[in-house]
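Commentary on secondary and tertiary structure
Letter by letter, the chains look like this.
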Amino acid sequence: MDTIITRFPPSPTGYLHIGGARTALFNWLYARKNKGKFVLRIEDTDAARSTKESLDAILESLEWLGMDWDDGPYFQAQRYSIYNEYIEKLVESGHAYYCSCTQDEVNIMRKTAKARGLKPMYNGNCRQKNLKKGEDTVVRIKTPDQGVTIVKDIVKGDTAFQNSEMDDFIIQRSDGSPMYNLAVVVDDLTMGINTIIRGDDHLINTPKQMLIYKALGARLPVFGHVPMVLGSDKSRLSKRHGAMSVGEYKKMGFLPDAMINYLVRLGWSHGDQEFFERDDLIEKFNLEHLGRSASMFDTDKLLALNSKHIQKKTPEELAGPLLFHLHTLGIDAKNDGFTQGVIQTLQPRSKTLVEMAQAAVFYYQDNLKFDEKAVKKFLKKDIAAVLEKSADYIEGLEKYTQEALETIFKKIMEETNLKFGKIAQPLRVAITGTTISPGIFEMLIALGKDKTVQRIKSAIQLIQNKE
């Protein structure tokens, strides 16, 4: 059996978006599942619109998602000599010819055909002229004038295209540059691509590409055209549906594994299973379960999956990704035991890493920013003695453990005749500056003994200064 070789061919005229990322993922997963090869090819023949910024963003997005490529990136703009070689072969074999018809002449042909109730198309005027290459000539491929071209599609099934409705389409412009369909076929042939999974907006190109394969005497690859991803209102996916470039999702605090999980479920299923880890996907992915109907993009589902992936990771696994967001907030954090302890307290409640980073800020502050309402309500004069007692007992601990802290606060409750809530909320404000935080004991352990005592004493000082 041939080694499975798939590809992803983005155009560097914009960033990598949800639809493109999903296409890349399906090809990457199929190659990994079959221990094949995944090829990255950059379709940069549109020099006017291609930018280095877009290219860098695409590569960074693929790397962030963990979709590594085995070959490439190849650049179409550097492969013109290869395209010319194949175009010459097609002309020499009689499958293609030079055409000198001007655009105005072709437009008249189309209008004439339309007036006769026919499909507007080029009429083959130069097909039998055996013209030589000239300054203004294009190269057209000879298409059959009868019969059908049947696209055998592993997703959609068979689709028939009438050959009579395809004119002799151009494969090389007069300036020598190749047309899209020619370049794609030559690239796929020379790179050994034998499995092509792409959006169904490309289905219209497939019969033309098949004719080029046939003219070159080459074996066809396996084709699979997957339906587009739509917005919740069933219109074409756009920013107003919450869909942005992949790089934006990183900035918003999504984990790459959650994005991978969500993207694969936009058009592929494995029973009722929703949550997948990367290795699980590689093991289970197949082409048979790619769906035929369009998928709807749902930000809430993505958030829910992201939350599950955050909870499934270890603090050690989350520390590196979280640092990106902490640094964005101006926090000089490190991937160390302290940060991993902070993560452990915030993990169960965080839907995104941005949420986690924002909730973690108080752990790293030398000078807390106190919420005025919280101070007014909970840091009153009569609580100062309780806080002082708490600081003294904590400072005297030989072993700083949750069990030891629980013992201390039971003792304080007995001595002050206060319920734990009456002690815990002022303590929370003293430690965090607000009334919202992780569980009190988890937080104290993560913060550490010295910082805990220092913050309680600072809160006592704040109370005293209010008097």
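Note that residues are indexed from 1 along each chain, following the sequence as it is written. The predicted origin of the model limits local features to residues at a pLDDT of at least 70 and limits the giving and counting of side-chain atom pairs to 80 or more, whereas totals for whole chains, interfaces and linings rest on all residues. Remark: hydrogens and water are excluded; side-chain values derive from all non-hydrogen atoms of the structure.

**Some details on a positive patch on the surface**
Patch rule: a residue counts if its relative accessible area is over 30% and it has no salt bridge; like charges are joined within 9 Å, and nonpolar side chains (Val, Leu, Ile, Met, Phe, Trp, Tyr) within 5 Å. Every accessible area reported is derived by Shrake-Rupley at a probe size of 1.4 Å, with residue values counting cover from the shown protein chains alone. A carboxyl oxygen of Asp or Glu within 4 Å of a side-chain nitrogen of Lys or Arg is what we treat as a salt bridge. This count recognises Lys and Arg as positive and Asp and Glu as negative, with His and chain-terminal groups excluded. Charge positions come from single atoms, namely NZ of Lys, CZ of Arg, CG of Asp or CD of Glu. Residues Lys377, Lys380, Lys422 and Lys466 make up a contiguous surface patch of positive charge. When you line up the elements, Lys422 lands in helix H17 (residues 420-432). With relative accessibility at 58%, the residue Lys422 sits in the exposed group. Under the DSSP-based scheme used, a helix requires at least four consecutive residues in state H or I and a strand at least two consecutive residues in state E, with every element numbered from the N terminus. Classification of residues uses two cut-offs on accessible area relative to the type maximum, computed with a 1.4 Å probe and protein chains only: under 20% is buried, over 50% is exposed, and between them is partly exposed.

**Points about the packing of helix H8 (residues 256-264) against helix H10 (residues 299-312)**
To get an axis, a line is fitted to the C-alpha atoms, and for a helix only the part in contact is used. The angle between two axes follows their N-to-C directions and goes from 0 to 180 degrees. Interaxial distance between H8 and H10 falls to 9 Å at its minimum, and their mutual angle equals 135°. One element, H8, and the other, H10, form an angle in the oblique class. The element H8 and its partner H10 pack so that their crossing is right-handed. Contacts between H8 and H10 involve Asp257, Ala258, Met259, Asn261 and Tyr262 from the former and Lys301, Leu302, Leu305, Asn306 and His309 from the latter. Amino acids are sorted into nonpolar (Ala, Val, Leu, Ile, Met, Phe, Trp, Tyr, Cys and Pro), charged (Asp, Glu, Lys and Arg) and polar (every other residue, Gly among them). Looking at side-chain class alone, the contact of H8 with H10 contains 5 nonpolar, 3 polar and 2 charged residues. Small angles under 35 degrees read as roughly parallel and large ones over 145 as roughly antiparallel, with 65 to 115 read as roughly perpendicular and the rest as oblique. The crossing is said to be left-handed when, going from far helix to near helix, the turn is anticlockwise and less than a right angle, and right-handed when the turn is clockwise. In this description, contact between two residues means that some pair of their heavy atoms is separated by no more than 4.5 Å.

**What to know about helix H13 (residues 353-364)**
Each residue after the first adds 1.5 Å to the expected span of a helix. End to end, H13 covers 16 Å across 12 residues, agreeing with the expected 16 Å (1.5 Å per residue, within 8%). When we look at burial in H13, the residues that qualify are Leu353, Met356, Ala357, Ala360, Val361, Phe362, Tyr363 and Tyr364. On the buried face of H13, the contacting elements are H10, helix H11 (315-328), helix H12 (337-346), H17, helix H18 (440-447) and helix H19 (449-466). Here a polar contact is recorded for every N or O atom pair within 3.5 Å, except that within protein the pair must consist of a potential hydrogen donor and a potential acceptor, and residues adjacent in sequence are included only if both atoms are side-chain atoms. Among the residues of H13, the N-terminal cap falls to Thr352, whose side-chain oxygen and the backbone nitrogen of Val354 are separated by 3.4 Å.

**Let's talk about the pattern of salt bridges**
Pairing of side chains with opposite charge becomes possible as their charged atoms draw close. Across all of its chains, the model carries 22 salt bridges by this definition. Notably, a salt bridge pairs Arg349 with Glu442, separated by 4.0 Å at the nearest N-O pair. You can see Arg349 sitting in the loop between H12 and H13 and its partner Glu442 sitting in helix H18, a full 93 residues away along the chain. Using a relative accessible area of 47% as the deciding quantity, one classes Arg349 as partly exposed. With a relative accessible area of 32%, Glu442 lands in the partly exposed category.

**A few points about the pairing of strand E7 (residues 157-162)**
Here 6 bridges tie strand E6 (residues 148-153) to E7, and the two strands are oriented antiparallel to one another. Counted as the bridge partner of Lys152 is Asp158 from E7. One requirement defines pairing of two strands: DSSP has to find at least two bridges between them. Following E6, the chain reverses through 3 residues before pairing antiparallel with E7.

**Comments concerning the packing of H17 against H18**
At their nearest, the axes of H17 and H18 sit 11 Å apart, and the two run at 35° to each other. At the point where H17 passes H18, the crossing takes the left-handed sense. Contact residues: H17 offers Phe420, Ala424, Leu427, Arg428, Ile431 and Thr432, while H18 offers Ile440, Phe441, Met443, Leu444 and Leu447. Split by residue class, the contact of H17 with H18 holds 9 nonpolar, 1 polar and 1 charged.

**Brief notes about the packing of aromatic side chains**
What describes a pair of aromatic rings is the distance from one ring centre to the other and the angle between the planes of the rings. Whether two aromatic rings pair depends on their centres lying within 6.5 Å, for rings of Phe, Tyr and Trp, where Trp uses its six-membered ring; planes under 30 degrees apart make the pair stacked, over 60 edge-to-face, and the rest tilted. Taken as a whole and judged by the stated rule, the model has 13 aromatic pairs. Ring geometry for Phe420 versus Phe441: centroids 5.6 Å apart, planes at 20°, classification stacked. Linking Phe420 in helix H17 with Phe441 in helix H18, this pair joins segments that are 21 residues apart in sequence. Using a relative accessible area of 15% as the deciding quantity, one classes Phe441 as buried. An aromatic cluster of at least three residues, connected via ring pairs, comprises Phe26, Trp268, Phe276 and Phe285. Throughout this description, the term charge over a ring refers to an Arg CZ or Lys NZ atom that lies within 6 Å of the ring centre and within 35 degrees of the ring normal. A cation sits over an aromatic face here: Arg140 above Tyr122, 3.7 Å from the ring centre. The ring of Phe324 carries Lys250 above its face, with NZ or CZ at 4.7 Å from the centroid.

**Details of the environment of Tyr30**
By the element assignment, Tyr30 lies in helix H1 (residues 18-33). Judged by its relative accessible area of 16%, Tyr30 falls in the buried class. If sequence neighbours within four positions are ignored, Tyr30 has contacts with Ile4, Thr6, Thr195, Ile197, Phe285 and Leu287.

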